[in-house]
Amino acid sequence: MKEREDFESEPFYPKGAIAFFVVMIVVFILMWFSIYFEVLGRV
Amino acid sequence: MDRSEKIALGLSGGLLAIFFAAILYASAVLDIQVPTCITDVEPFTSDSIIEIADNEYELHMIARMWSFQPSEITLPAGSTVHIYVTSQDIIHGFKVDEKNVNLMATPDAVNYMKVTFQKPGVYSFACHEFCGVAHHTMAGRFRILEPGDNELSGGEI
């Protein structure tokens, strides 16, 4: 019972979700701009 | 709303704004176009290439099973080509290698796109819409000559 109280009193910080979001944004930027510059290179 | 959610929403919105600004820049400053369907002209029945200004040409391209007319176009480097494509039978495609040109050739309609060939070389084009048993043979090419090369022959221009 004491362990559960300790767990609930810890401030929650979503490290995994933030890491996933940052990686997702970086991958989107890389994918989008790689296609974008490919198109610009064909002008 | 949690602070993390606000940051995530702000980043997402900012990223979308950057993507949109990049598209506007490509369209307005670099003059990158998308294919246009010309609805107010009758489809032409014969192919032609006409010089409408210095280093600027108008190409009327006809697609049919299983060839393009004209299939070989010779132009000087730096040429800007206004490409009008139509089909005389079924739906075909018109895709130029190394360029952004990607059009559909449709019966009873004319599709348009503009392209500039700055570098000399051979730019192949092909049908990219499956159109029958000899679809894979339906191809042609732009031959872009070096400046000063007078090998403009074959009745292309």
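Owing to the predicted nature of the structure, the values given are computational and were not obtained by experimental measurement.

Quick look at the overall build of chain A now. A tally of helices and strands in chain A yields two helices and zero strands. The burial tally for chain A puts 0% of its 43 residues in the buried class.

A few words now on the overall build of chain B. Secondary structure assignment for chain B yields one helix and eleven strands. Listing the helices and strands of chain B from first to last along the sequence gives α-β-β-β-β-β-β-β-β-β-β-β. Here the C-alpha radius of gyration of chain B, 20 Å, is well above what a compact globule of 157 residues would show, namely 15 Å. With respect to the three principal axes, the spread of C-alpha positions in chain B is 70 × 40 × 30 Å. Considering chain B as a whole, with its 157 residues, one finds that 22% of them fall into the buried category. In chain B, 63% of the contacts between residues at least 6 apart in sequence involve partners at least 24 apart.

The pairing of strands in a sheet comes from backbone hydrogen bonds and takes either a parallel or an antiparallel form. All names here are of chain B. The mixed open sheet is built from five strands, whose spatial order is β5-β11-β10-β7-β8. A single partner strand is all that each edge strand has here, and the edge strands are β5 (72-76) and β8 (102-105). Pairwise comparison of adjacent strand axes, ignoring direction, gives a mean angle of 20 degrees for this sheet. Pairing analysis gives six bridges linking strand β10 (residues 121-126) to strand β11 (residues 139-145), with the strands arranged antiparallel. Within β11, the position partnered with F125 by the bridge is G140.

Residues and elements named next belong to chain B. Where strand β2 (residues 48-53) meets strand β3 (residues 56-64), five bridges bridge the pair, whose relative direction is antiparallel. When the bridges of β3 are listed, S48 appears paired with H60. What sits between β2 and β3 in their antiparallel hairpin is a turn of two residues, with N55 showing a positive phi close to 60 degrees. Note: β3 against strand β6 (residues 79-87), eight bridges, orientation parallel. Note that in β6 the partner of H60 across the bridge is Y84. As paired elements, β3 and strand β4 (residues 67-69) share three bridges and run antiparallel to each other. Counted as the bridge partner of A63 is F68 from β4. Between β3 and β4, which pair antiparallel one after the other, the connecting turn spans two residues.

Once that is clear, we can look at the environment of F19(B). Residues and elements named next belong to chain B. Within the secondary structure, F19 sits in helix α1 (residues 3-28). Given 15 C-beta atoms within 10 Å, F19 falls into the partly exposed group. Separated by 40 residues in sequence, F19 and L59 place their C-alpha atoms 33 Å apart.

This part covers the interface of chain B and chain A. Across the contact, twelve residues belong to chain B and ten residues belong to chain A. Tallied by class, the residues present in the side of chain B that touches chain A amount to eight nonpolar, two polar and two charged.

What follows covers the nonpolar core. Residues and elements named next belong to chain B. Counting residues in hydrophobic clusters, the biggest one holds 25 residues, and the most contacted among them are M61, A63, I83, V85 and F94. Within the residue set of this core, elements represented by two or more residues are β3, β5, β6, β7 (92-96), β8, β9 (110-117) and β11. Beyond its immediate sequence surroundings of up to four residues, V85 is in contact with M61, A63, F94, L103, A105 and N111.

Next up on the list: helix α2 (residues 15-41) of chain A. Its 27 residues give α2(A) an end-to-end C-alpha distance of 39 Å, which sits within 8% of 39 Å, the value for a rise of 1.5 Å per residue. Sparse coverage of α2(A) is indicated by the burial of zero of its 27 residues.

Parameters and conventions
Residues numbered from 1 in each chain as written. Chains lettered and ligands numbered in written order. Predicted model: local features only at pLDDT ≥ 70, side-chain atom pairs only at ≥ 80, totals over all residues. Helix = DSSP H or I, 4+ residues; strand = E, 2+ residues; numbered from the N terminus. Buried ≥ 20, exposed ≤ 12 C-beta atoms within 10 Å, placed from the backbone. Rg over C-alpha atoms; globule rule 2.2 N^0.38 Å. Contact = placed C-beta atoms within 7 Å. Pairing = 2+ DSSP bridges. Axes fitted to C-alpha atoms, helices over the stretch in contact; angles between N-to-C directions. Nonpolar A, V, L, I, M, F, W, Y, C, P; charged D, E, K, R; others polar. Core = buried A, V, L, I, M, F, W, Y, C linked by C-beta atoms within 7 Å. Expected span 1.5 Å × (residues − 1).

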